[in-house]
Amino acid sequence: YSDELPEELVNSIHIKREELSIEDVDKIIVDYFRQNRCEALKKMVKRWETLDYFHCRERIFHEALVNHSRKYYNSSVTLLTIHTEGIITDFVRTNLKNPRFKVQKAIEDIKIELNEKEDVSIYEFEVYSDVIERIEEAFNENFNHADPDTASNKSRHKIAHGHAYEIENEVNSLKRFLYLNEIHCLFSRLSNLE
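> A description of the packing of aromatic side chains should follow, citing residues and the corresponding values.
Evaluated as defined, the whole model comprises eight aromatic pairs. Between the aromatic rings of Tyr53 and Phe91, the centroid separation amounts to 5.6 Å while the plane-to-plane angle is 80°, which identifies the pairing as edge-to-face. Here Phe91 lies in helix α5 (residues 73-94) and Tyr53 lies in helix α3 (residues 52-55), a separation of 38 residues in the sequence. Summarising the burial analysis for this pair, Tyr53 and Phe91 share the class buried. Grouped by ring-pair contacts, the aromatic residues Trp48, Tyr53, Phe54, Phe61, Phe91 and Phe187 constitute a single cluster.

See the structure below:
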């Protein structure tokens, strides 16, 4: 559902939806973002500079891009997962004037703000709500220090506490970039910058 995908590509996937598996769709999207040395991904990340809480992390995103393009997905996933939290709490602190230490409280504030925004279309609301839900899952997944392997590798806590050491893949790395892009779109919208 990313706006970053060309309409022709989305239409092609939609037309073939009955015959394509999830893995097929992942491959099509990964191949698109891999083209021309990740040109589309680089352009997308460059646009993030319009918001201060993204701009201050420009070097981090550059490192994540370099690692992603060189197929070092564990490092790109780790960087992007950790900084998603910082971006969310920075937005709530600076735009909503409500400093939050816990990201869960910050996400609740964002949900309230999104619900109160009258000029958000139903489609936008669904997309943003889905992205927020996926991020919440990563932040809320039960993590037990006594048995860290019970948590999935999507768990923010497992990643941040250094227990996600299984090999990551390009799909998961790209998803982190695309989630952050949707967060950028949401925060631009909530800041009335779109």
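Past the structure itself, the notes keep going.
> Tell me about the pattern of salt bridges, and name the residues and values.
Side chains bearing opposite charge may pair, as long as their charged atoms lie close to each other. The tally for this structure, following the rule as stated, stands at 15 salt bridges. A single network of salt bridges, built from pairs that share partners, joins Arg57, Asp90 and Arg93.

> Help me get a handle on a negative patch on the surface, residues and values and all.
Together, Glu18, Glu19, Glu23 and Asp24 line one region of the surface with negative charge. Note on placement: Asp24 falls in helix α2 (residues 22-46).

> Account for the environment of Ala160, with residues named and values stated.
In this structure, Ala160 sits in helix α8 (residues 156-160). Residue class for Ala160 comes out partly exposed when judged on its relative accessible area of 35%. Considering only alpha carbons, one finds Ala160 and Thr81, 79 residues apart in sequence, at a separation of 8.2 Å.

> Which residues make up the environment of Arg47, and what values go with them?
Structurally, Arg47 is set in the loop between α2 and α3. Apart from residues lying up to four places away in sequence, Arg47 is in contact with Glu4 and His184.

Procedures and definitions
Residues numbered from 1 in each chain as written. Predicted model: local features only at pLDDT ≥ 70, side-chain atom pairs only at ≥ 80, totals over all residues. Heavy atoms only, no water. Phe/Tyr/Trp six-rings, centres within 6.5 Å; stacked < 30°, edge-to-face > 60°. Helix = DSSP H or I, 4+ residues; strand = E, 2+ residues; numbered from the N terminus. Buried < 20%, exposed > 50% of the residue type's maximum accessible area, 1.4 Å probe, protein only. Salt bridge = Lys/Arg side-chain N within 4 Å of Asp/Glu carboxyl O. Patch = residues over 30% accessible without salt bridge, like charges linked within 9 Å, V, L, I, M, F, W, Y side chains within 5 Å. Areas by Shrake-Rupley, 256 points an atom, 1.4 Å probe, with all protein chains shown as cover. Lys, Arg positive; Asp, Glu negative; His and termini not counted. Charge placed at Lys NZ, Arg CZ, Asp CG, Glu CD. Contact = heavy atoms within 4.5 Å.

The quantities given are spatial measurements derived from coordinates; they are silent on function.
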